[in-house]
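An overview of the molecular structure
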Amino acid sequence: MEFSFARRDIVRLLKQPSRSICGITDQTEDQFDNLEKHTQWGIDVLEKYIKFVKERAEIELSYAKQLRNLSKKYQPKKNSKEEEEYRYTSTKAFLATLNEINDYAGQHEVISENMTSLITGELTRYVQELKQERKSHFHDGRKAQQHIETCWKQLEASKRRFERDCKEADRAQQYFEKMDADINVTKADVEKARQQAQLRHQMAEDSKAEYSSTLQKFNSEQHDHYYTHIPNIFQKIQEMEERRIVRIGESMKTFAEVDRQVIPIIGKCLDEITKAAESVDHKSDSQMVIEAFKSGFEPPGDIDFEDFTQPMKRTISESSLSNSRGDGKSEPKFGSKSKGKLWPFIKKNKSPKQQKEPLSHRFNEFMTSKPKIHCFRSLKRGGAGPEDFSNLPPEQRRKKLQQKVDELNRDIQKEMDQRDALTKMKDVYIKNPQMGDAASVDHRLAELGQNIEKLRLEVQKFEGWLAEVEGRLPPRNEQARRQSGLYEAQNTSAVNSCAQDRESSPDGSYTEEQSQETEMKVPATDFDDEFDDEEPLPTIGTCKALYTFEGQNEGTISVAEGEMLYVIEEDKGDGWTRIRRNEDEEGYVPTSYVEVYLDKNAKGAMTYI
C-alpha cells in the first residue's frame, strides 16, 4: 500500500509543472510577436524616410532644371540685335546674373545627386540587408521555440506513459491482493495475478526511468532555451534595431551636410551677382548711348532777321549755316521736307563782312540754279540701305563702315589660314606622294587666292568710303577743320545731294519717298586766303581739368588735374573740346576730362546736341 501511495503522489506532482511551462512558452511567443511588429515598424519608418529624401532630391533636380531653363530663356540670342544690347554695364550685370543662376542651378543638381547616392541609394541597400537579417533572427527564434515545444511534447508523452503504467500497476496490485484474499481462487490463479502485478510494476519502473531521463533532458533544453538561445536572439534583434536607429540618425546628419557643402559655392554665386550689380555704371552706359547714336552733325545756328527796308547785312555767329569763310558767294541752303530742318555740313564764319547776300537771295539762287549732281539712290522706307551706308549720319556711317572693314579683314585672315594649311599639305604630298596627290589641292588654292583678292578689293572699297566719312566728321585740329570745310563745300557725293529730301527715321537713318529722285546743285564756293589771317577765337567760358591728360597726338594739349583753362570751342559731338592755356598754347582735350563753365553771353557760345 505504501508503494501505491507513493506512485499517486508522483503523478499529482508531475501534473503541476505543465501549467507553468505552457505559460512561459506562451509569454515567449507573445514577446516574439511584439518584437516582430516593432522591428517591422522600424523598417517602415526607414522606408518612409527614404521616400522623403527621394522626393526632396526630385524637387532639387526639378528646381535646378527650371533655373537652367530660366537662365537659357533670357540669354541673348547669338548674331541678333539683342546680343548688341549686352555691351552696357547694366545688361552685362544681368548677363552675369544669368550665368551665376546657371551655376546656382548646378549646385542644386549636386544636392540632388549627393542625396540620391549618399542617402537614398545607401539606405535602400541597407533596408534590404536589414530585412534579411531580421528574417534570419526571427527564423532562429521560431526554430528555437519549435524545438522547446517538441521537447515539451516528448516530456508530456513520457509523463502520460509513466502515469498510465503506474495506474496499470496499481490495478494489477489490487487484483493480486483480491485474488490472494479469496479462498475460493486456486493457487495457480493467485500466482498468475502475482506475476501480472510484478510485470506491471516493472513497466511502471521503466516508464519512471524514461520519464526521469526525458525530464532532465527537457529541463536542460529549457534552461538553454531561456537563458542562452532566446537571450542571444533577443540581443541580436536589439543590436539590429539599434543599428537601424543609428543609421537613420547618420542619414539625417548627411542630409544636412549635403546642403551645407554647397553653401560656400552658392555664397560665391551670390557674391558674384552682388559684384556684377555693383559694376553697373550709369555714367558709362550714358556715354555709350551718346557714342552709339551721335550723328556728327552740328546743330543749325540762329536765323538772323532780314530787314528789307535797307541794305541788309547778316551777322553770322560761329554756328552760322555756311560752308566756308569765303567772300559771300552763294551757298547751298537745304530746304527739306522734314519740317524745315537745316543740315549744316559747314564751317563757321567769323564776321558779318563775309556775308554779302541775304539768305533769301542765296536760297532763290540755289533753287533756280541748273542742277549738276543727280541723286540716283532712292531709299525706300523699310528697305535695306545702300552698300556704303550713305543713309546713315556720318558718325553712325563711320562705325558701320569700320565694322565692315574689320569683318572683311577677319574673312581675309581665315582664307589666308586655309591657304597656308593647304600649302603645307601640298608640300607634304610632294615629299610623300603615297599620302596624296599634290595636284588635288591646286584648284582649292586657286579659289582661295581669288577669294582673298576679292576680299581685298572689298576692303579697299570700304576703306575709301571710311576715309571719305572720316574726312567729313568734325576734325580735332585747325588744319583738319579747314580741310573739312573745304571738303564739305565741294563735296559732290550722293549723300549730300540727297540730303534735301531725306527724313529722319527712328533708327537714326534717313529715308526718302518711294521712286523719288532729287536733283540739286551745289554751287562752287570760292575760298580766299582769309584762313591765313584768322584771328584767335574768342573765349566762350572756362573749364576745370578733372583728370590729367597727356596730349601726345597732333592738335591735342596736355592738362593737369585741377588746372583752370579757357574754352574757345565746345564739343561738337566728337567727344573733344577746344581749350586755350595762353595766347600761343591751345588744343583739344577729351570732353569727359574737363568740367565746362560756359559764359551764356559770350559771342561764340553754342548749345550742342
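Coordinates for the structure precede this section.
One structure accompanies this document, and this report is about it. (Residues numbered from 1 in each chain as written. Predicted model: local features only at pLDDT ≥ 70, side-chain atom pairs only at ≥ 80, totals over all residues. Heavy atoms only, no water.)

1. Re the overall build of the protein chain
What counts, and what does not: Runs of E in the DSSP output that reach at least two residues are strands. Runs of H or I that reach at least four are helices, and both are numbered from the N terminus. Any residue under 20% of the maximum accessible area for its type is buried, any over 50% is exposed, and the rest in between are partly exposed; the area is computed with a 1.4 Å probe on protein chains only. Contacts were defined at the residue level, with two residues in contact if any of their heavy atoms lie within 4.5 Å.
The helix and strand inventory of the protein chain stands at 11 helices and 9 strands. Across the 609 residues of the protein chain, 38% fall into the buried class. Taking the contacts inside the protein chain whose residues are at least 6 apart along the sequence as the reference set, 75% of them involve residues at least 24 apart.

2. Section: helix 6 (residues 282-293)
To be explicit about the condition: Multiply 1.5 Å by the residue count of a helix minus one, and that product is the helix's expected span. Under the rule applied, a polar contact is a pair of N or O atoms within 3.5 Å (in protein, one hydrogen donor and one hydrogen acceptor; residues adjacent in sequence only if both atoms are side-chain atoms).
Under the 1.5 Å per step criterion, the end-to-end length of helix 6 is 17 Å for 12 residues, consistent within 8% with the ideal 16 Å. The residue sitting at the N-terminus of helix 6 and contributing the capping side-chain oxygen is Asp281; that oxygen lies 3.1 Å from the backbone nitrogen of Lys283.

3. A closer look at the sheet that holds strand 5 (residues 541-545)
The condition is simple: Strands are labelled as partners when DSSP assigns at least two bridges between them. What counts as an axis is a line fitted to C-alpha atoms, over the stretch in contact for a helix, and the angles between N-to-C directions run from 0 to 180 degrees.
Strands sit in the order 8-7-6-5-9 across an open sheet of 5 strands; the sheet is antiparallel. At either end of the open sheet lies a strand with only one pairing partner, and these are strand 8 (585-590) and strand 9 (594-598). Averaged over all adjacent pairs, the angle separating strand axes in this sheet is 40°, with direction ignored. Where strand 5 meets strand 9, 5 bridges bridge the pair, whose relative direction is antiparallel. Counterpart to Ala545 in the pairing with strand 9 is Val594.

4. Considering the environment of Ala169
With respect to the helices and strands, the residue Ala169 is situated in helix 4 (residues 89-181). Judged by its relative accessible area of 2%, Ala169 falls in the buried class. With 34 residues separating them in the primary sequence, Ala169 and Met203 have C-alpha atoms 7.9 Å apart.

5. A word on the packing of helix 4 against helix 5 (residues 187-278)
Inclusion rule: Relative orientations are named as follows: roughly parallel for angles under 35 degrees, roughly antiparallel for angles over 145 degrees, roughly perpendicular for angles from 65 to 115 degrees, and oblique for any other angle. When residue character is reported, Ala, Val, Leu, Ile, Met, Phe, Trp, Tyr, Cys and Pro are called nonpolar, Asp, Glu, Lys and Arg charged, and the others, Gly included, polar.
Between helix 4 and helix 5, whose axes approach to 7 Å, the crossing angle comes to 170°. For the element pair helix 4 / helix 5, the angle class is roughly antiparallel. Classifying every residue of the contact of helix 4 with helix 5 gives 46 nonpolar, 19 polar and 23 charged.

6. Here's the deal with a nonpolar patch on the surface
The cut-off we apply is this: Patch members must show over 30% relative accessible area and no salt bridge, and they are joined within 9 Å when carrying like charges or within 5 Å when they are nonpolar side chains of Val, Leu, Ile, Met, Phe, Trp or Tyr. Note on areas: these come from Shrake-Rupley sampling with a 1.4 Å probe, and a residue is covered only by the protein chains present in the view. The salt bridge criterion pairs a side-chain nitrogen of Lys or Arg with a carboxyl oxygen of Asp or Glu, the two atoms within 4 Å.
There is a patch of nonpolar side chains on the surface, built from Leu70, Tyr74 and Phe94 and spanning about 280 Å² of accessible area. Along the chain, the position of Tyr74 falls in the loop between helix 2 (17-73) and helix 3 (81-84). Residue Tyr74 is classed as partly exposed on the basis of its relative accessible area of 39%.

7. A look at the packing of helix 6 against helix 8 (residues 394-431)
Across the interface, helix 6 lies against helix 8 with an axial gap of 7 Å and an inter-helix angle of 90°. What the angle tells us is that helix 6 and helix 8 run roughly perpendicular. Each of Glu291, Ala292 and Phe293 in helix 6 lies in contact with helix 8, whose residues at this interface are Glu395, Gln396 and Lys399. Within the contact of helix 6 with helix 8, the residues separate by chemical class into 2 nonpolar, 1 polar and 3 charged.

8. Some thoughts on the nonpolar core
For clarity, the threshold we go by: Grouping buried Ala, Val, Leu, Ile, Met, Phe, Trp, Tyr and Cys residues that are joined through side-chain atoms within 4.5 Å yields what is termed a nonpolar core.
Judged by nonpolar contacts, the single largest core of 29 residues is most densely connected at Leu46, Tyr49, Met115 and Ile119. Elements represented by at least two residues in this core include exactly helix 2, helix 4 and helix 5. Counting 13 residues, the second-largest nonpolar core is a separate cluster that includes Ile557, Val567, Ile579 and Val589.

9. Details of the pattern of salt bridges
Counted according to the given criterion, the structure contains 28 salt bridges. Here Arg578 ties to Glu569 by a salt bridge, and the two come within 3.7 Å at their closest N and O atoms. Accessibility assignment for this pair places Arg578 and Glu569 in one class, buried. Glu586 serves as the salt-bridge partner of Arg580, at 3.2 Å between the closest nitrogen and oxygen. On the basis of relative accessibility, which here comes to 8%, the residue Arg580 falls in the buried class. Looking at Glu586, the relative accessible area reads 32%, which means it is partly exposed. Through salt bridges with shared partners, one network takes in Glu569, Lys572, Arg578, Arg580 and Glu586.

10. Description of the side chain of Arg56
Within the secondary structure, Arg56 sits in helix 2. A relative accessible area of 18% means that Arg56 is categorised as buried. Among the polar contacts made by the side chain of Arg56, one reaches the side chain of Glu60 at a distance of 2.8 Å. Beyond its immediate chain neighbours, meaning those up to four positions away, Arg56 contacts Ile111, Met115, Phe255 and Asp259.

11. Observations regarding the environment of Val405
Of note, Val405 is situated in helix 8. Judged by its relative accessible area of 4%, Val405 is buried. The sequence separation of Val405 and Leu455 amounts to 50 residues, and the corresponding C-alpha distance is 9.9 Å. When residues no more than four places from it in sequence are discounted, the contact partners of Val405 are Val459, Phe462 and Glu463.

12. Here we look at the environment of Ser207
For Ser207, the position within the fold is in helix 5. Sequence separation between Ser207 and Lys159 is 48 residues; the distance between their C-alpha atoms is 8.1 Å.

13. Overview of the packing of aromatic side chains
Rules: Two rings belonging to Phe, Tyr or Trp (six-membered ring only in the last case) form a pair when the distance between their centres is within 6.5 Å. Interplanar angles under 30 degrees mark stacking, angles over 60 mark edge-to-face geometry, and anything in between is tilted. When the NZ atom of lysine or the CZ atom of arginine is within 6 Å of a ring's centre and also within 35 degrees of its normal, the charge is said to sit over that ring.
One pass over the full model with this rule turns up 11 aromatic pairs. An angle of 40° between the planes, with centres 5.9 Å apart, marks the rings of Tyr49 and Phe52 as tilted. Taken together, the residues Tyr49 and Phe52, both in helix 2 and 3 residues apart, mark about one turn of the helix. What makes Phe52 partly exposed here is its relative accessible area of 42%. A ring pair is formed by Phe162 and Tyr211, whose centres lie 5.8 Å apart and whose planes are at 15°; its orientation type is stacked. Here Phe162, found in helix 4, pairs with Tyr211, found in helix 5; they are 49 residues apart in sequence, far enough to count as distant. Residue classification places Phe162 among the buried residues on the basis of a relative accessible area of 3%. One aromatic cluster is present, built from ring pairs that chain together Tyr547, Phe549, Trp576 and Tyr593. Over the aromatic face of Tyr126 sits the side chain of Arg247, whose NZ or CZ is 4.7 Å from the ring centroid.

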